[in-house]
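Given next are the chains, with one letter for each unit.
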Amino acid sequence: MIPFLNLGRQPIANGFRRSDDISKEYFFDLITGFDEKTKLVSIINPPDKSVLFNESYIYRSSGSSTMRAHFKKTAEDLKKKCEAHPGSKVLEIGSNDGVMVSHLDPRQTICIEPCANMASITRNMGYETHCVFWNKDIAQAILDVHGPIQYIYAANCMCHILEIQEAFEAIELLLDKDGIFIFEDPSMEMMFQNTSYDQIYDEHAHIFSIEAIHTLLNNVGLYIQEVKPLEVHGGSNRFIVSKQKSRYPILYHKFDIDQLKQWSLGVQRSKYQLLATLYEVKKAAGRIAAIGATSKSTVIYNYCGIDSNLIEFISDTTLEKQGLVSPGKHIPVVSPDRLKEVDTAFLGAWNFSEEIKSKHPNIKLITHVPRIRII
Ligand code: TMP
């Protein structure tokens, strides 16, 4: 793998913690590379998966109305497909707190979720839930009990899986011959276009381009039927995949290492422009907060060297995050009530900018996507 972007020493991006528990924080060097053979962009030497996905996992997919609506719509579409093919089953990989499966019948739904605290939520809701990492063993175990599965869905999950080729082999093993595998993850094309380098954090072991997915799937006898661009998570691609050869040619942008190295210079520019803007606003307004204690913003604060001297606090709607401090830079996370104290905030959750703008119409928002600006 050829390295092209070094985002420096980074903590676990979602590792929000108590302020009296910051001495044993885990750090690693966040370096991203390009595999010239598969065209896959990945983190070189990411932390072990058990450090990231365990019983203390804090991120909830149901944390925003945007995502709740997105998953409801997805479930309704899957439900229609199942109604058209009675007896068919849906398997979700990375079911988190059940925001998607909650709209489906537990008798036809199976969940895979490696984080025990999340797995117990769907189990308590009555869904068959396997608390394991997705691989060929669990695919075989499900196949033995249920037979081939007609619909396999994964949202913001496949890009977490380091052994991605094996993960696709496991899909091929379990998917019915006429089945559909639908998965969606942040888009490399959008990250490239928007300089949204904060999409690269420990959990995102890979950032998928259409080109890389096309190559990886074809290696295991799976084929892209359609790619649907989605607005969620700052620009994602939803891949509709089956065992049948694609009926139409799949069009994609071809990445090469020179382009990526050039892009990384733009990332450095973005860092210095963001710092200049924050210092300017701080001088004029006195106080700056942030909205959204996101994993993405952890990358920005640690890469740019931003701490509570510059951003006083981060507001977040997730109750579990309130009262904690941000990973690495230890900026306090507080309830959104505190936002009345400031008139400018950095948009940590830029992927929810519309929802946040409508909730806080009087706050000026600083964002780095697609370029540094105040909105
Ligand atoms: P995500 O970008 O990883 O999905 O995380 C979004 C975070 O932003 C999550 O912790 C909830 C938080 N958030 C707010 O604090 N206010 C909001 O209005 C929205 C939409 C999200």
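All figures in this text were calculated on a predicted structure; none of them were measured in a lab.

> Honestly, the site of the ligand in this entry has me stumped. Any pointers?
Around the ligand sit 17 residues, and of these Tyr59, Asp316, Lys321, Asn351 and Lys359 come closest. Interatomic distance of 2.8 Å between a side-chain N/O atom of Asp316 and an oxygen atom of the ligand. Contact between the ligand and Thr317: an oxygen atom at 3.0 Å from a main-chain N or O atom of the residue. Here the ligand has 490 Å² of accessible area as a free molecule, and 96% of this is covered by the chains.

> What should I look at first to understand the nonpolar core in this one?
Soluble globular proteins: nonpolar side chains tend toward being buried together. The biggest cluster of nonpolar side chains holds 44 residues, and the ones touching the most others in it are Leu7, Tyr197, Ile200, Leu274, Tyr301 and Ile306. When residues of this core are traced back to their parent elements, those giving at least two are strand E1 (2-11), strand E2 (27-34), strand E3 (41-44), helix H6 (188-194), helix H8 (257-285) and helix H9 (295-304). Top contributing element to this core by residue count: H8, with eight residues. Within the second largest apolar cluster, 37 residues are counted, among which are Cys157, Ala170, Leu174 and Leu217.

> Would you take a moment to explain the pairing of E3 for this structure?
Each regular strand shows side chains that alternate between the opposite faces of the sheet. Inspection of the sheet shows E2 paired to E3 by four bridges, in the antiparallel sense. Within E3, the position partnered with Phe34 by the bridge is Val41. Once E2 ends, the chain turns through six residues before running back antiparallel as E3, passing Lys39 with a positive phi of about 70 degrees. Summarising the sheet, E3 and strand E9 (residues 206-207) pair through two bridges and their orientation is antiparallel. Bridge pairing in E9 links Ser42 to His206.

> Sorry, what's going on with the packing of aromatic side chains here?
Centre-to-centre distance and the angle between the planes together describe a pair of aromatic rings. This model, assessed by the stated rule, comprises eleven aromatic pairs. Ring geometry for Phe192 versus Phe255: centroids 5.2 Å apart, planes at 80 degrees, classification edge-to-face. One end of the pair, Phe192, is in helix H6; the other, Phe255, is in the loop between strand E11 (236-242) and H8, and 63 residues separate them in sequence. Residue class for Phe192 comes out partly exposed when judged on its relative accessible area of 23%. The exposure class of Phe255 is buried, given its relative accessible area of 4%. Arranged with centres 6.3 Å apart and planes meeting at 20 degrees, the rings of Phe192 and Trp263 form a pair that is stacked. Placement of the pair is Phe192 in helix H6 and Trp263 in helix H8, with a sequence separation of 71 residues. Taking the ring centre of Phe27 as reference, the NZ or CZ of Arg9 above it sits at 4.0 Å.

> So what exactly am I meant to see when it comes to helix H3 (residues 116-124) here?
What sets the pattern is the α-helix's 3.6 residues per turn: residues three or four places apart point alike. The complete set of buried residues in H3 reads Met118, Ala119 and Thr122. Here the buried residues of H3 occupy an arc of 100 degrees about the axis, which is enough to place them on one side. Looking at the buried residues of H3, the elements they touch are strand E5 (109-112) and strand E6 (128-130). Of the residues trailing H3, Gly126 is marked for its positive phi of about 100 degrees.

> Is there a simple way to think about the environment of Ala293 in this case?
Summarising the element assignment, Ala293 is placed in the loop between strand E12 (289-291) and H9. A C-alpha to C-alpha distance of 29 Å links Ala293 and Phe34, two positions 259 residues apart in sequence. If near-sequence neighbours (up to four positions away) are discounted, Ala293 is found in contact with Phe16, Ile314, Ser315, Asp316, Lys321 and Val333.

> Looking at this structure, how should I read the pairing of E5?
With burial as the criterion, each face of E5 is covered, one bearing Thr109 and Cys111 and the other bearing Ile110 and Ile112. Across four bridges, strand E4 (residues 90-93) lies against E5 in parallel orientation. By the bridge assignment, Val90 is partnered in E5 with Thr109. Where E5 meets E6, three bridges bridge the pair, whose relative direction is parallel. Across the sheet, the residue bridging to Cys111 is Thr129, located in E6. Between the parallel elements E5 and E6, the chain passes through H3 in a crossover that is right-handed.

Basis of the calculations
Residues numbered from 1 in each chain as written. Predicted model: local features only at pLDDT ≥ 70, side-chain atom pairs only at ≥ 80, totals over all residues. Heavy atoms only, no water. Near = heavy atom within 4 Å. Polar contact = N/O pair within 3.5 Å; in protein donor to acceptor, adjacent residues only side chain to side chain. Areas by Shrake-Rupley, 256 points an atom, 1.4 Å probe, with all protein chains shown as cover. Core = buried A, V, L, I, M, F, W, Y, C linked by side-chain atoms within 4.5 Å. Buried < 20%, exposed > 50% of the residue type's maximum accessible area, 1.4 Å probe, protein only. Helix = DSSP H or I, 4+ residues; strand = E, 2+ residues; numbered from the N terminus. Pairing = 2+ DSSP bridges. Phe/Tyr/Trp six-rings, centres within 6.5 Å; stacked < 30°, edge-to-face > 60°. Lys NZ or Arg CZ within 6 Å of the ring centre and 35° of its normal. Arc of directions from axis to C-beta. Contact = heavy atoms within 4.5 Å. Right-handed = clockwise from strand over helix to strand, strands pointing away.

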